[in-house]
Structures are given as C-alpha cells and as structure tokens.
Amino acid sequence: MTIDNKRRGPILPDLFIVGAPKCGTTAMYIYLKEHPEIFMSEEKELHYFGSDLKSHWFQRDLNKYLSHFSACNGGKRVGEASVWYLYSKKAALEIKDFSPSSRIIIMLRNPIDMMYSNYYQFLYNGNENLPSFNEAIEAEEDRKRGMSIPETVHFVEGLFYCDTARFSRQVQRYFDVFGRDRVHVIIYDDFKSDTAKVFRETLEFLEVDPAFQPNFKIINPNKLVRLKTLRNLIVKPPGWYTAAGRLLLPDSLREYMVHLLKSINKNFNTSFEVRPPMDMELRRRLQKKFEPEVEQLSSLLCRDLTHWCKE
C-alpha cells in the first residue's frame, strides 16, 4: 500500500490498537476514548491498513479514513482500533510507513478461548454459518480451498480460526517493525482481573496522564441475533435491493438507510446470552495442538503462559 504524502491531512493517528479480536480491545478503545488527552476515532474497526486482507467492511479510502480524525482539536495521542491489523502480514509495515512514531497496543488471551469467542461473534454478524465450533474448526482447511464458505461471509480469512490464533509470529512482526519499546502487550487475564492497574500502565506507555480513570463498565458481552433474515439483509443484501437503492436513492440517503438498518439490528435484533461452555474433548484437542505455539509466545514475552494449555 502506497501512501501519497501530498494527500495527507493535518491530523494523523499515532496510536493503534491492533488486536487480537475478542481480547478486550473494544473495552480498551472505549476507556481510552474517555481520556482528555487522547482522541480515538468515532468508529472502531476502520481497517485501512492490512492490504493483504479483504472485506467490503474495511475502510480503504484514504480521505474517508482521515475524516475519522478531523474532529480532533488537540491531545497528545490520536488513535484507532482495528483487530485484524495483528493478523495481517502487511499492516505493521504499512502503519510504520504511514506514521513512523506510532505506539502499538496488542491484547492477547488464551488462543482457544479467543477462537471460541470469535466463532460466536461471527455467528452473530453472519460471517459464520456452521452450527458448532467443532464443525467450524474441522472446516478450516476446506475453507482455505474456497469450500464451505457462508453466503453471508464478509471476511473469509477470519474463518481460518487456528491461523488467527497463532499469536507469536504476529507479535514478533510488530516487535521487528516498531521495536519492543513502542509495542505494549496486554494479557486479557490481567486486564480482566485488575482493569484499573492495566489501564494505568497503558496510559504510562502512551505518556499521558496515568491518574485518569474511566467508568470500567462491562463492554461487548456475548451476542446472539434474533432474526437472521434482517441480519442477512444488512450483511449481504440481494442484488436487486442494492441495484434499486443505487438507482432510486442518492448516496447520502442510501448511507443513512444502511446506518439505520445497522442501528435497528444492534438495538432491537440482538440478545445477550452467556456463551455455552466448550466441549471438553475439543478443548483438550486444541490445547494439545496449541501447546508449542503457547510455549513460543511465552518465550517471546518472557512470561509463562503454558497454563493456557493445561486442564
């Protein structure tokens, strides 16, 4: 991805929460957004960087991307949060080229729990259609060959669950590009057990007032969709519906209608339920599979995380 310096606006982000998904990034984004010295983009998951990953949900227009920071009228840090930047093989270098002095925040959790949580997130937003996590894991290799892809998919690479959870190579990529002093790694276990302490350490890393404390409310609980038909209409509208909209409605009104439907889906078509426990046989199998990966991550972070792969 090539950035044209002449097109750059006056306000560029220098803080990136790059992932991983379902590891507390939404909570961190919202808490940082409340800090008076930090400006975070109004929307999360912009995904301007990471040109190796494809989704029609990603914002790939530079002017539109920069418009998310135009309201900033000061502050020590300007940032955004996009969870697939970590998984991308290109995002780190693209961010470095765009904003060389950026600070990077990486949030990680037990990879097995991350995959399981992400499966339910994808069930909710239409990216997944298989009725069990075990089936989704078994389908991964077929999906890499273009088989068993849901009609409502918006991000195919996200369905490669085991690949998305190989954190060691992803973290190493950011260490190599930015240096360890500009990359702050947070373990979800710590964030959950002592949110205030982890948040204060993050503010110290960002060199802003560490005394500020937001309302540490619970963010982004497990969601289920009530009416899949409404969800599917938003995720992948029929061709005739899209063509009619383009023919009959101006761009501004069409964008408003899309925003309205998303709001209805979020506020009235969503239920919040506790996620069922994972099948124990499957968990043991994944623990065995990820044991070498977790050992490698432990070595990289100089912290023993091998309890993630124990009973």
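## Comments concerning the overall build of the protein
Summing up its helical and strand segments, the protein has 14 helices and seven strands in all. Counting every position in the protein, which comprises 311 residues, the buried fraction comes to 51%. Sequence separation of 24 or more characterises 75% of the internal contacts of the protein that already satisfy a separation of 6 or more. Split by element, the accessible area of the protein, about 15700 Å² in all, is 52% carbon and sulfur.

## Re the confidence of the model for the protein
Averaged over all residues, the pLDDT of the protein is 88; the fraction at 70 or higher stands at 80%. Overall, residues 2-9 carries pLDDT values under 50, and its contacts beyond four positions in sequence, including any with other chains, amount to eleven contacts.

## Quick word on the side chain of Asn110
Among the secondary structure elements, Asn110 is positioned in the loop between β4 (103-108) and α4 (111-125). Looking at Asn110, its side chain comes within polar contact range of the main-chain nitrogen of Ile112, at 2.9 Å.

## So, the packing of aromatic side chains
One pass over the structure, following the stated rule, counts 25 aromatic pairs. Site record: aromatic cluster; members linked through ring pairs are Phe58, Trp84, Tyr87, Tyr116, Tyr119, Tyr120, Phe122, Phe133, Phe155 and Tyr161. The ring of Phe290 has Arg166 sitting right over it, with the charged end atom 4.9 Å from the ring centre.

## Digging into the nonpolar core
Among the nonpolar cores identified, the biggest contains 84 residues, and Leu32, Tyr65, Tyr85, Leu108, Met115 and Tyr174 are the most heavily contacted of them. Beyond its immediate sequence surroundings of up to four residues, Met115 is in contact with Phe133, Ile137, Tyr161, Cys162, Ala165, Leu286 and Phe290.

## Brief notes about helix α1 (residues 25-33)
Among the nine residues of α1, seven are classified as buried, and the element is accordingly described as predominantly covered. Those residues of α1 that fall on the buried side of the exposure criterion are Thr25, Thr26, Ala27, Met28, Tyr29, Tyr31 and Leu32.

## Focus: the sheet that holds strand β1 (residues 15-19)
One open sheet holds the five strands; their spatial order is β2-β3-β1-β4-β5, and the pairing between them is parallel. Each of the sheet's edge strands pairs with one partner strand only, and the pair in question is β2 (38-40) and β5 (183-187). Adjacent strand axes in the sheet meet at a mean angle of 25°, parallel and antiparallel pairs treated alike. When β1 meets strand β3 (residues 77-81), the two strands line up parallel, connected through three bridges. Directly across from Phe16, in β3, lies its bridge partner Glu80. Along the sheet face, α1 touches β1, β2, β3, β4 and β5 and points at about 165° away from the line of β1.

Criteria and cut-off values
Residues numbered from 1 in each chain as written. Predicted model: local features only at pLDDT ≥ 70, side-chain atom pairs only at ≥ 80, totals over all residues. Heavy atoms only, no water. Helix = DSSP H or I, 4+ residues; strand = E, 2+ residues; numbered from the N terminus. Buried < 20%, exposed > 50% of the residue type's maximum accessible area, 1.4 Å probe, protein only. Contact = heavy atoms within 4.5 Å. Areas by Shrake-Rupley, 256 points an atom, 1.4 Å probe, with all protein chains shown as cover. pLDDT = per-residue confidence, 0-100. Polar contact = N/O pair within 3.5 Å; in protein donor to acceptor, adjacent residues only side chain to side chain. Phe/Tyr/Trp six-rings, centres within 6.5 Å; stacked < 30°, edge-to-face > 60°. Lys NZ or Arg CZ within 6 Å of the ring centre and 35° of its normal. Core = buried A, V, L, I, M, F, W, Y, C linked by side-chain atoms within 4.5 Å. Pairing = 2+ DSSP bridges. Axes fitted to C-alpha atoms, helices over the stretch in contact; angles between N-to-C directions.

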